[in-house]
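# Results of the structural survey
Letter by letter, the chains look like this.
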Amino acid sequence: MMKRREFLKTAVSTAAALGVPSIVPHRVFGAKAPSNRVHVGFIGMGNQSQVDLPAFLEQPDTQVVAVCDVNTASHGYLSPKQFLGRQPGQDAVNAYYAKQTGAASYRGCGAYNDFREVLGRSDVDAVVIIVPDHWHAVMTGLAAQAGKDIYCEKPLSLTVRQGQEMVRAVRRHQRILQTGSMFRSDPLARHACELVRNGRIGKLKRIVTDVAENNAVSPGPGWTPTPVPEGFDYNLWLGPAPTALYHPYRCFYRFRFILDYSGGQTTNFGCHSNGLVQWALGMDGSGPVEFEDQGSQWPVPGSLFTTATKIGFRARYASGVELLCRTTERGFGARFEGTDGWVDFSWKGLETFPKSLKTSKISSQEKHLPLAVPEDPENKANQSRSYNHVRNFVQCVKAHRDPVEPVEAGHRTASLCHLGNIAMRLHRKIRWDPKQEQIVGDDEAAKLLSRPMRAPWHL
Ligand SMILES: NC(=O)c1ccc[n+]([C@@H]2O[C@H](COP(=O)([O-])OP(=O)(O)OC[C@H]3O[C@@H](n4cnc5c(N)ncnc54)[C@H](O)[C@@H]3O)[C@@H](O)[C@H]2O)c1
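Residues numbered from 1 in each chain as written. Predicted model: local features only at pLDDT ≥ 70, side-chain atom pairs only at ≥ 80, totals over all residues. Heavy atoms only, no water.

## Here's the deal with the side chain of S185
Mapped onto the elements of the fold, S185 is located in the loop between β6 (177-179) and α7 (187-197). Taking the relative accessible area as the measure of exposure, S185 reaches 5% and is therefore buried. Among residues more than four places away in sequence, those in contact with S185 are A372, R385, N388, H389 and V404. (Helix = DSSP H or I, 4+ residues; strand = E, 2+ residues; numbered from the N terminus. Buried < 20%, exposed > 50% of the residue type's maximum accessible area, 1.4 Å probe, protein only. Contact = heavy atoms within 4.5 Å.)

## Thoughts on the side chain of H418
Tracing the backbone through its elements, the reader meets H418 in helix α12 (residues 407-426). One polar contact links H418 to S157, side chain to side chain, over a distance of 3.0 Å. Once you skip the residues sitting within four places of it in the chain, H418 turns out to touch S157, L158, T159, V160 and T267. (Polar contact = N/O pair within 3.5 Å; in protein donor to acceptor, adjacent residues only side chain to side chain.)

## Here's the deal with the packing of helix α5 (residues 136-145) against helix α6 (residues 160-172)
It is at 9 Å that the axes of α5 and α6 come closest, and there the two elements cross at 10 degrees. Judged by the angle between their axes, α5 and α6 are roughly parallel. Contacts from H136, A137, T140, G141 and A144 of α5 reach α6 at Q162, M166, A169 and V170. Considered class by class, the residues forming the contact of α5 with α6 number 5 nonpolar, 4 polar and no charged. (Axes fitted to C-alpha atoms, helices over the stretch in contact; angles between N-to-C directions. Parallel < 35°, antiparallel > 145°, perpendicular 65-115°, else oblique. Nonpolar A, V, L, I, M, F, W, Y, C, P; charged D, E, K, R; others polar.)

## Regarding the site of the ligand
Taken together, 30 residues lie around the ligand, and Q48, D69, Y77, D133 and K154 are the ones closest in. In the environment of the ligand, a nitrogen atom lies 3.5 Å from a nitrogen or oxygen atom belonging to the backbone of V70. At 3.2 Å, a side-chain N or O of W135 approaches a nitrogen atom of the ligand. Within the complex, the protein chains bury 96% of what would otherwise be the 850 Å² of accessible surface of the ligand. Put simply, the parts of the chain that give the shell around the ligand at least two residues each are α5 and α8 (234-238). When grouped by side-chain class, the residues that make up the shell around the ligand number 16 nonpolar, 9 polar and 5 charged. (Near = heavy atom within 4 Å. Areas by Shrake-Rupley, 256 points an atom, 1.4 Å probe, with all protein chains shown as cover.)

## A word on the pairing of strand β12 (residues 342-346)
With respect to burial, β12 is a largely interior element, 4 of its 5 residues being buried. Across 5 bridges, the pairing between strand β11 (residues 332-338) and β12 is antiparallel. Bridge pairing in β12 links E337 to W342. In this structure, the hairpin formed by β11 and β12 is closed by a connection of 3 residues. As judged from the 5 bridges shared by β12 and strand β13 (residues 349-353), these two strands associate in the antiparallel manner. Bridge assignment links W342 to a residue of β13, and that residue is F353. (Pairing = 2+ DSSP bridges.)

## Observations regarding the sheet that holds strand β4 (residues 126-129)
Taken together, 6 strands build an open sheet; the order of strands is β3-β2-β1-β4-β5-β6 and the sheet is parallel. Of all strands in the sheet, those bounded by a partner on one side alone are β3 (110-112) and β6. Along the sheet, successive strands turn relative to each other by an average axial angle of 20 degrees, direction set aside. Sheet topology places strand β5 (residues 149-152) next to β6; 3 bridges connect them, and they run parallel. Counted as the bridge partner of C152 is T179 from β6.

## Topic: the sheet that holds strand β8 (residues 290-293)
With mixed pairing, the 9 strands of this open sheet are ordered in space as β13-β12-β11-β7-β10-β9-β8-β14-β15. Two strands in the sheet have a free side with no partner beyond their single neighbour: β13 and β15 (438-440). In this sheet, adjacent strand axes meet at a mean angle of 20 degrees when their direction is disregarded. Where α7 meets the sheet, its contacts fall on β7 (204-211), β11, β12 and β13, and the angle it forms with β12 comes to roughly 155 degrees. Those strands touched by helix α10 (residues 270-280) are β7, β9 (312-316), β10 (322-327), β11 and β12, and its axis lies near 30 degrees from that of β11.

## Digging into the confidence of the model for the protein chain
Any residue range with low pLDDT should be treated as having predicted coordinates unsuitable for detailed reading. In this model, the protein chain carries a mean pLDDT of 93, and residues with pLDDT of at least 70 account for 92%. When the elements of the protein chain are averaged for pLDDT, helix α1 (residues 4-18) gives the smallest value, 37, and β5 the largest, 99. Note on residues 1-24: pLDDT under 50 across the span, and 27 contacts to partners over four residues away in sequence or across chains. (pLDDT = per-residue confidence, 0-100.)

## Quick word on the pattern of salt bridges
Charged atoms that come close allow side chains of opposite charge to pair. Across all of its chains, the model carries 27 salt bridges by this definition. For the salt bridge of E337 with R206, the shortest nitrogen-to-oxygen distance reads 3.1 Å. Of this pair, E337 sits in strand β11 while R206 sits in strand β7, and the two are 131 residues apart along the sequence. The salt bridge involving D344 is made with R335; its shortest N-O contact spans 3.8 Å. (Salt bridge = Lys/Arg side-chain N within 4 Å of Asp/Glu carboxyl O.)

## Things to note about the environment of F332
Structurally, the position occupied by F332 is in strand β11. Of the residues examined, F332 reaches a relative accessible area of 0% and is grouped as buried. With 241 residues separating them along the chain, F332 and D91 place their C-alpha atoms 33 Å apart.

So this is what it looks like as structure tokens:
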């Protein structure tokens, strides 16, 4: 990879030659950025922004300068209490900085409907993409092209082919991308993966991962469309997805149960649980070779929701290790079973057999996985995993190096989940070549690796 200084030199001269505003990050100009803060723009001020926004605001060296959402402000998200959109988002940022600086008021955060205006701001160093999955690839591509570093929520992509394009865009434009599965920045999750990676449970036999049950019920066949609410730019919400009649359950939060915008809990929670598997197995640039349906269930045809109501698929790695991913009550977790013991990481934390593994040290001769916050490896500061995941991103933006969950890792984990979905949708075994990123000998299944995009959006 090009050294940072060389890269900056090239970027400056390229920009100058093209006569366009410089794409050199704002923080590079020391005098103009006295505190060397990374200037951040948020795209998507819905449910997950409630987690990601505080994690960025609380960093000592970031400044949130813009928020963007196609929704001005409304209820109707995951919980009835949530009142979200760009206006409440802007208010929250301005109130935070007013309080922090002791000023009577603060108005430094801009609010936008169209994300391209955020990308056009030369003082924005990085963007945080927290919109439905059908937008991730287009926004990442345009952000990378505009010279922005990117924190993109999981699942990284809507399809395998979109993920490949995201990898290409990030690498071509030499940007930093952190995938937003924050468990990679949890010291216990990392320890679980290091135990497996170092053979502490003997030869790995089987892995079982959990995804959550659907937490919304679909409007059934014959559902009635409703008028688009005022202050909501529905066309820009749909973006590259097909035109569709409006229903509130199509958009806010519940988009994740409709295949046009997401992969359901298979990709939603699957990216967390299966992402740990990929990490533990050293598979960030690869994946399993076979996928098979294991009793998945789907909504009645004609329902608004189209993703699986019950997930069950089996995958096999070339090593012979089996992965079983299914819907369970615990909803998130990965259990690794070996010849000499097991390791289990879930919402409850880490459990092992034998028990002593939990606190055993990984020696200097063994394999160590990347640390999110090297100055506080065991999280003595007691920060949330989201804060630490963002901390890692910000430090990597400043140092221009890859974070703990770079674009390839996010892409391959999402691919695993997409392939599980394809096997479940077709109810048959599919074979996967992780090197060529091709489905072998099944044209119908291979068609599901990509989706057309509605014009003018494209990759
Ligand atoms: N890391 C995690 O644990 C975690 C948890 C929840 C959600 N997520 C991810 O975050 C993303 C968003 O999920 P959510 O639950 O916040 O959904 P949400 O529907 O609550 O919020 C998404 C917001 O994006 C806005 N939006 C849509 N298109 C836009 C566009 N073109 N420009 C600007 N804003 C646009 C919507 O109006 C909405 O306010 C998803 O990819 C989801 O998988 C991650």
